[in-house]
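The primary structure of each chain is shown beneath.
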Amino acid sequence: AQKITQTQPGMFVQEKEAVTLDCTYDTSDPSYGLFWYKQPSSGEMIFLIYQGSYDQQNATEGRYSLNFQKARKSANLVISASQLGDSAMYFCAMRDHNTDKLIFGTGTRLQVFP
Amino acid sequence: KAGVTQTPRYLIKTRGQQVTLSCSPISGHRSVSWYQQTPGQGLQFLFEYFSETQRNKGNFPGRFSGRQFSNSRSEMNVSTLELGDSALYLCASKDTAGTYNEQFFGPGTRLTVL
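These lines cover the structure that appears in this document, whether it is placed above or below. (Residues numbered from 1 in each chain as written. Chains lettered and ligands numbered in written order. Predicted model: local features only at pLDDT ≥ 70, side-chain atom pairs only at ≥ 80, totals over all residues. Heavy atoms only, no water.)

**Brief notes about the sheet that holds strand β8 (residues 74-78) of chain B**
Residue and element names in this part refer to chain B. The strand order β1-β3-β8-β7 describes an open sheet built from 4 strands, whose pairing is antiparallel. Only two strands of the sheet have a single partner each, and these edge strands are β1 (5-7) and β7 (64-68). The average angle at which neighbouring strand axes cross in this sheet is 20°, direction not considered. As paired strands, strand β3 (residues 19-24) and β8 are joined by 5 bridges and run antiparallel to one another. Bridged to Leu 21 within β8 is Met 76. (Pairing = 2+ DSSP bridges. Helix = DSSP H or I, 4+ residues; strand = E, 2+ residues; numbered from the N terminus. Axes fitted to C-alpha atoms, helices over the stretch in contact; angles between N-to-C directions.)

**Concerning the interface of chain B and chain A**
Often, the extent of an interface is quoted as the loss of accessible area on bringing the components together. Contacts between the two partners involve 17 residues from chain B, matched on the other side by 17 residues from chain A. Approximately 1,500 Å² of surface area, both sides summed, lies buried where chain B meets chain A, with 55% of it carried by carbon and sulfur atoms. The interface formed by chain B and chain A contains 0 salt bridges. Our count for the chain B to chain A interface comes out at 3 residue pairs in polar contact (both at pLDDT 80 or more). Residue assignment for the side of chain B that touches chain A shows that the elements contributing at least two residues are β4 (31-38), β5 (42-50), β9 (87-94) and β10 (103-105) of chain B. Here the side of chain B that touches chain A is built from residues that sort into 8 nonpolar, 5 polar and 4 charged. (Contact = heavy atoms within 4.5 Å. Buried area = accessible area lost by both parts, 1.4 Å probe. Salt bridge = Lys/Arg side-chain N within 4 Å of Asp/Glu carboxyl O. Polar contact = N/O pair within 3.5 Å; in protein donor to acceptor, adjacent residues only side chain to side chain. Nonpolar A, V, L, I, M, F, W, Y, C, P; charged D, E, K, R; others polar.)

**Describing the pattern of salt bridges**
In this structure the tally under the stated criterion is 8 salt bridges over all chains. Where Asp26(A) meets Lys73(A), a salt bridge forms, and the shortest distance between an N and an O atom there is 3.6 Å. Of this pair, Asp26(A) sits in strand β4 (residues 24-26) while Lys73(A) sits in the loop between β8 (64-69) and β9 (74-79), and the two are 47 residues apart along the sequence. Since its relative accessible area comes to 40%, Asp26(A) is described here as partly exposed. The class for Lys73(A) is partly exposed, based on a relative accessible area of 30%. Where salt bridges share partners, they join Glu48(B), Arg55(B) and Lys94(B) into one cluster. (Buried < 20%, exposed > 50% of the residue type's maximum accessible area, 1.4 Å probe, protein only.)

Written out as structure tokens, the structure reads:
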């Protein structure tokens, strides 16, 4: 069965510093997609970044980058130069190859302090 | 383009009642998925509709149902509400021709069952 594991319930980071949010996954499918979403207190899930299993390079989107280590089955999110507005829940998710549904981890609550 | 909209944003019901939630996808998106988010179970997939047909279904009882209209708007219905149905219900739409096939989420409907 496919599974996403986020072992950090909460993380603190000082403004302007970088932070890494951990995500490991389990799947037997050779083709899969990995996503990171941000969920502010308002509830909306905001798409941040995507990594395909066959992508040769790590994905980057502005201040977000994904440290993809396929052999270790990890897809950690790196946020550079943290901002106060980055405080939110962050979810790692994997797309089920057969059904196309998203399987989410339990999330990491990131708090950025001045 | 306007984002995914969900109505109502907040809802309070009592046990035994039924409820209907509405979701309007991004214009041009034909796939709509529903997710339930609770503190205990996290984010769980309910079902997906594509071109008015249910394409995939999660592991929820038959009290949870949905439908999609010809304009891609979707509704989900929960009958005989239970206390455990209290949750944030998120709707997501997808452009199947998109680059990453990513799902774009609405702000959610927060349902409280008393």
